[in-house]
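Summary of structural features
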Amino acid sequence: MKDYSFPILKIIAVGMLVLSACAGPAWLTNTALLFVPALFFVQGYFFRTEYRDHERDYIKQKLRRIYVPFVGWSLLFILLHNVFYATGIIGRTGMPEQGAYLPYDINEWCERTWGICLGMTGFDRCLCEFYWVFRALLVSALLFLGLNKLAGLLLPGKSDSIRVGSVALGCLGLLAWMTACSLSVPIIPDGGYREIYATLLMSLGYLYRRHVAELQPRLVLSIASAGIVALFACLWPSSLTESASLTSMLCLLLPACAGFILLHNISRVLAQQDNSLRRALIYAGERWFYVLAFSLLACKLSGMVILLCKGLPWRALRQFPTLGGAEIGYGWTALHWLIGMSLPLLIVWGWNRLDRKYDLSPENCLRYTLTGIVITAKCLYLLIKRLGKALWGGFIGFFTGLIDIVHASNPKDE
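These lines cover the structure that appears in this document, whether it is placed above or below. Residue numbers restart at each chain and count upward from 1, following the sequence in its written direction. Per-residue local features of the predicted model are confined to residues with pLDDT of at least 70, and side-chain atom pairs are confined, for both listing and counting, to 80 or more; whole-chain, interface and lining totals are unaffected and use all residues. Side-chain descriptors were evaluated using all non-hydrogen atoms of the structure, hydrogens and water having been removed beforehand.

Let us look at unusual backbone geometry. Q216 connects to P217 through a cis peptide bond whose omega is -10°. Per the convention used, a helix needs a DSSP run of H or I reaching at least four residues, while a strand needs a run of E reaching at least two, with both numbered from the N terminus. Here P217 lies in the loop between α8 (193-211) and α9 (218-235). Look at the link from F320 to P321: it is a cis peptide, with omega at -10°. The residue P321 is located in the loop between α12 (288-310) and α13 (333-358) in this model. Phi is positive for M120, close to 50°, though the residue is something other than glycine. Note that M120 resides in the loop between α5 (106-119) and α6 (132-154). Its identity is not glycine, yet D190 carries a phi of approximately 65°, on the positive side. Along the polypeptide, D190 turns up in the loop between α7 (160-181) and α8.

Below is the structure:
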């Protein structure tokens, strides 16, 4: 029987990532960010030993599930960037990357397309801030596979736990070296800190699967994990940023493990229920990629609601990543989160309903598009034809009336 606890865990972790961008109070943001590493634990949890001997299938699987959607969605956003700028959805307010809010010319569009396709970088930071997760998932998966094969060569005859444990220790040593000496990996965009840390978390997720039965009792462990997360969120907040200090790197490890264990135990309980909440969480968990990809764009809709309710100018919508904060009120965080989580799923649900009814395959979509273009062109032609006839009739009527007036006022006739 399929274990539905992990789809539930994934959507909760993604929900925490979305919550961290919903302009909430600092304590809430710090707490939410400690649950985001659970996504990388799950990837390590499902790593199989046979992938070491069938690495081609593993790489193809990761490219198909992570790289292809990333490239498609990233290119879509940079194509629409100037449209979003022209409509005022994005702009000069609070952008993290210099020039990311400005319109793209053809040169920058080409540069970003090149970066997206070859380095999984250059994506539109205005509305794709979460896309670093895709790159970290792919790079960490490939790095974890390579380090596992290397550990097998260096430690022949050792158990899988020892091999993966050595990978975890190696990643921890690399991270300590990087953060202590402010180093970076030149071939990985943004320095590689997130990717190596994600590899460490994958190693721990793999070990967790091997020893999960020993982690008892679950209730006590969940309470302890919640306490650890709350303690570190209040006293030593940390997250998977592009770079970090040695202290921040170490302060993330324990609460990240605690957050994953807590989410896993909660997800197990929810997966055992038989109610609408369980079904909704499973549906969302199996489509968490869409939430991650389009949640910030969906939050612009909730920002428009705030504009109407608060009477703010349209330019306030440019606030990054979402409209809110102490001045506007933290109560709007719930609205951002609700729309950011639900709107992408509702669009996917609607698309699937239409797909079942109209078979929206790529070929049919192209055929429907061409048919729509032809129908639209015909309607425009008929509309222009009718307007032309009306204008011509009005023009003729005007001059006919004018001639009649001239003839009526002719003094020779008098």
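Of the grid points, spaced at 1 Å and generated over the protein atoms alone, those admitting a 1.4 Å probe that cannot get out make up cavities, while open sets with protein on both sides within 12 Å along at least five of seven lines make up pockets; any residue with an atom within 4 Å of a point is treated as lining. Grid points are joined across faces, edges and corners, and a volume is the space filled by probe spheres set on the points. Put simply, the largest pocket is a space of about 730 Å³. Lining the largest pocket are 23 residues, with K10, F46, K62, R65 and W288 sitting closest to its centre. Secondary structure elements with two or more residues in the lining of the largest pocket: α1 (5-19), α3 (38-45), α4 (55-86) and α12. The nonpolar class holds Ala, Val, Leu, Ile, Met, Phe, Trp, Tyr, Cys and Pro. Asp, Glu, Lys and Arg form the charged class, and all remaining residues, Gly among them, are polar. Taken together, the residues that form the lining of the largest pocket break down as 13 nonpolar, three polar and seven charged.

Attention now goes to the side chain of H264. You can see H264 is positioned in helix α10 (residues 246-271). Polar contacts here mean pairs of N or O atoms no more than 3.5 Å apart (in protein, one a potential hydrogen donor and the other a potential acceptor; neighbouring residues in sequence count only if both atoms are side-chain atoms). A distance of 2.6 Å separates the side chain of H264 from the side chain of Y208, its partner in a polar contact. Discounting chain neighbours no more than four positions away, the residues touching H264 are S5, F6, L9, Y208, V212 and R218. Two residues qualify as a contact provided that any one of their heavy atoms is within 4.5 Å of a heavy atom in the partner residue.

The subject of this paragraph is α9. Take the residue count of a helix, subtract one, and multiply by 1.5 Å to get its expected span. With 18 residues, α9 extends 26 Å from end C-alpha to end C-alpha; this agrees with the ideal 26 Å at 1.5 Å per step. All of the buried residues in α9 are R218, S222, S225, V229, F232 and A233. Here the buried residues of α9 occupy an arc of 100° about the axis, which is enough to place them on one side. For α9, the exposed residues lying more than 90 degrees away from the buried face are L219, V220, I223, C234 and L235. Tucked into the core, α9 has its buried residues touching α2 (26-33), α8 and α10. Only protein chains enter the accessibility calculation, which uses a 1.4 Å probe; a residue whose area is less than 20% of its type maximum is buried, one above 50% is exposed, and one in between is partly exposed. Directions pointing from the helix axis toward each C-beta atom define the arc.

Our next topic: a positive patch on the surface. On the surface, a cluster of positive charge is made up of R56, K60, R64 and R65. When you line up the elements, K60 lands in helix α4. Like-charged residues within 9 Å of one another, or nonpolar side chains (Val, Leu, Ile, Met, Phe, Trp, Tyr) within 5 Å, are grouped into patches, provided each residue has over 30% relative accessible area and no salt bridge. Under the convention used here, a 1.4 Å probe and the Shrake-Rupley method define accessible areas, while residue burial counts only the protein chains that appear. Salt bridge, as used here: a side-chain nitrogen of Lys or Arg that lies within 4 Å of a carboxyl oxygen of Asp or Glu. Here Asp and Glu are counted as negative and Lys and Arg as positive; His is not counted, and neither are the chain ends. The atom standing in for a charge is NZ when the residue is Lys, CZ when it is Arg, CG when it is Asp and CD when it is Glu.

Right, let's talk about α3 for a bit. Owing to its 3.6 residues per turn, the α-helix brings residues three or four apart onto one side. Of all the eight residues making up α3, eight are buried; the element is thus mostly covered by neighbouring parts of the structure. The complete set of buried residues in α3 reads A38, L39, F40, F41, V42, Q43, G44 and Y45. The inward-facing, buried residues of α3 abut α1, α4, α6, α8, α10 and α12.

Right, let's get into the packing of α1 against α12. Comment: axis = line fitted to C-alpha atoms, over the contacting stretch for helices; angle = value between 0 and 180 degrees taken between N-to-C directions. With their axes 9 Å apart at the nearest point, α1 and α12 run at an angle of 5° to one another. Between α1 and α12, the crossing angle belongs to the class labelled roughly parallel. Of α12, the residues touching α1 (which contributes K10, I11, V14, L17 and V18) are W288, V291, L292 and S295. Oblique is the label for any angle not covered by the other classes, which are roughly parallel (under 35 degrees), roughly antiparallel (over 145) and roughly perpendicular (65 to 115).

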